[in-house]
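# Secondary and tertiary structure notes
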Amino acid sequence: MSAQLIDGKQIAQSIKNNLKGRISALKEKGITPGLAAVLVGDNPASQTYVNSKVKACEKLGLFSKVIKRPANIDQYELIQIINELNNNDKIHGILVQSPLPSDIDELTITLNIKPEKDVDGFHPYNVGIMLLGRGGLLPCTPHGIMKLLEYSNIDPSGKEVVIVGRSNIVGKPIAAMLLQKAKNANATITVVHSRSQNIPEITKRADILIAAIGQPEFIKGGMVKDGVVIIDVGINRIEAPETNKGYRLVGDVEFDSCFEKASYITPVPGGVGPMTIAMLMENTVKAAELISSSL
Ligand code: GUN
């Protein structure tokens, strides 16, 4: 068997196109959805992500603002920036690009973002609402994975889903979302992580495998069964001196060997990455709708 590619770029574009009517309706009421991205330090990958987010805003006619600060910023100063954004009527969504320098506590920063402007869906209020299955502002990458499955007509109901990785921003929330008693969910979930034993034995059981561990090409073809659906969340830069940039991007999945086994697979780049941005755009529009309807 060889796999069908899940085109994240195309699905992300449909999702963004579907937002255009909602954005026009807001603009007719004099509201332009606005996103603020806070970028601390000079991590090149973070800069690339923030640039892509701003570009997506521009393309859709959303307002955006980037606040850049050096890595030695004081935590209190960062909280003050967030407070100003919380009170800025032009801003409906706030994101603080992670990772932050190690002397800043990410949870403290997240707790200072107003939950209704938390377009990353990282605030414990939104995490709780998500866990209860009541919607709210959902975290972008896992929400994007749900949409990739839905648009590809892959119904996880009753399927064995194996999630590799237990991060707060992907592994844990995608487990919670796929577990919901809801349409396009109802899966049986196993989460494997760095302390799990016999990982290949578990991954071979997967009808749907979600790789989100941040280790280049960790999942090999021999670790999955024929016909598996593979969602590769990893975006790893590996050195490639022969290229212009000096690096190339690979996922957490060894693409060629897994492509031979899978029924569907997401490419890297062009799979999950564009979906994260599309869902961020949707959250920004949703936040603007909710904030404006409660005025
Ligand atoms: N770093 C990696 N992914 C994300 C994300 O979705 N949002 C933010 N704010 N930082 C990230």
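Our structure is the block above this text.
All of the points below concern the structure found in this document. (Residues numbered from 1 in each chain as written. Predicted model: local features only at pLDDT ≥ 70, side-chain atom pairs only at ≥ 80, totals over all residues. Heavy atoms only, no water.)

## Describing the site of the ligand
Near the ligand, the surroundings consist of Lys53, Leu95, Val96, Gln97, Ser98, Asp120, Phe122 and Ile169. A distance of 2.9 Å separates a nitrogen atom of the ligand from a polar backbone atom of Val96. In this structure, Asp120 approaches the ligand through a side-chain N or O atom, which is 2.6 Å from a nitrogen atom. In isolation the ligand has 280 Å² of accessible area, and contact with the protein removes 84% of it. (Near = heavy atom within 4 Å. Polar contact = N/O pair within 3.5 Å; in protein donor to acceptor, adjacent residues only side chain to side chain. Areas by Shrake-Rupley, 256 points an atom, 1.4 Å probe, with all protein chains shown as cover.)

## Quick notes on unusual backbone geometry
For the bond from Ser98 to Pro99, the omega torsion is 10 degrees, close enough to zero to count as cis. With an omega of -5 degrees, the peptide bond running from Val268 to Pro269 counts as cis. By the secondary structure assignment, Pro269 is in the loop between strand E11 (264–265) and helix H10 (272–293). Even without being glycine, Asn184 reaches a positive phi, approximately 60 degrees. By the element assignment, Asn184 lies in the loop between helix H7 (171–179) and strand E6 (188–192). Of note, Asn186 is a non-glycine position whose phi angle comes to about 60 degrees, a positive value. (Helix = DSSP H or I, 4+ residues; strand = E, 2+ residues; numbered from the N terminus.)

## Side note on the pattern of salt bridges
A full pass over the atoms with the stated rule returns 5 salt bridges. For Arg22, the salt bridge identified is with Glu289, shortest N-O distance 2.8 Å. Separated by 267 residues along the polypeptide, Arg22 in helix H1 (residues 8–28) and Glu289 in helix H10 bring together distant segments of the chain. Looking at Glu289, the relative accessible area reads 25%, which means it is partly exposed. Ionic pairing is found between Asp207 and Lys225, a salt bridge with its closest N-O pair at 2.7 Å. Of the two residues, Asp207 is situated in the loop between helix H8 (199–203) and strand E7 (208–211) and Lys225 in the loop between E7 and strand E8 (229–232); the sequence distance between them amounts to 18 residues. We classify Asp207 as partly exposed; its relative accessible area is 24%. Residue Lys225 is classed as partly exposed on the basis of its relative accessible area of 31%. (Salt bridge = Lys/Arg side-chain N within 4 Å of Asp/Glu carboxyl O. Buried < 20%, exposed > 50% of the residue type's maximum accessible area, 1.4 Å probe, protein only.)

## Comments concerning the sheet that holds strand E4 (residues 93–96)
To summarise the sheet geometry, strands pair through backbone hydrogen bonds and adopt either a parallel or an antiparallel arrangement. The sheet built from 3 strands is open, its strands ordered E3-E2-E4 with parallel pairing. Of all strands in the sheet, those with a lone pairing partner are strand E3 (63–69) and E4, marking the two edges. If you compare each strand with its neighbour and ignore which way they point, the axes differ by 15 degrees on average. Where strand E2 (residues 34–40) lies against E3, 7 bridges are found, and the strand directions are parallel. Bridge pairing links Val40 to Arg69 in E3. Docked against the sheet, helix H3 (residues 75–86) engages E2, E3 and E4, running at close to 175 degrees with respect to E2. (Pairing = 2+ DSSP bridges. Axes fitted to C-alpha atoms, helices over the stretch in contact; angles between N-to-C directions. Contact = heavy atoms within 4.5 Å.)

## Topic: the environment of Ile6
Tracing the backbone through its elements, the reader meets Ile6 in the loop between strand E1 (4–5) and H1. Residue classification places Ile6 among the buried positions, given a relative accessible area of 2%. Sequence separation between Ile6 and Ile265 is 259 residues, and the spatial gap between their C-alpha atoms is 5.8 Å. Ignoring anything within four residues of it in the chain, the contact list for Ile6 reads Ile11, Leu148, Ser152, Ile154, Ile231, Tyr264, Ile265, Thr266, Pro267 and Gly270.

## Focus: the layout of surface pockets
Empty space within the second largest pocket amounts to approximately 460 Å³. Looking at the second largest pocket, it is lined by 21 residues, and the ones nearest its centre are Thr110, Phe122, Val127, Asn168 and Ile169. It is helix H4 (residues 106–112) that contributes the most residues to the lining of the second largest pocket, 4 residues altogether. Within the lining of the second largest pocket, the residues separate by chemical class into 12 nonpolar, 5 polar and 4 charged. Lining the lining of the second largest pocket are residues from two domains, each supplying at least three of them: domain 1 (30–114) and domain 2 (140–273). (1 Å grid on protein atoms, 1.4 Å probe; cavity = no way out; pocket = protein on both sides within 12 Å on 5 of 7 lines; lining within 4 Å. Points joined across faces, edges and corners; volume = space filled by probe spheres on them. Nonpolar A, V, L, I, M, F, W, Y, C, P; charged D, E, K, R; others polar. Domains from an automatic or database assignment.)

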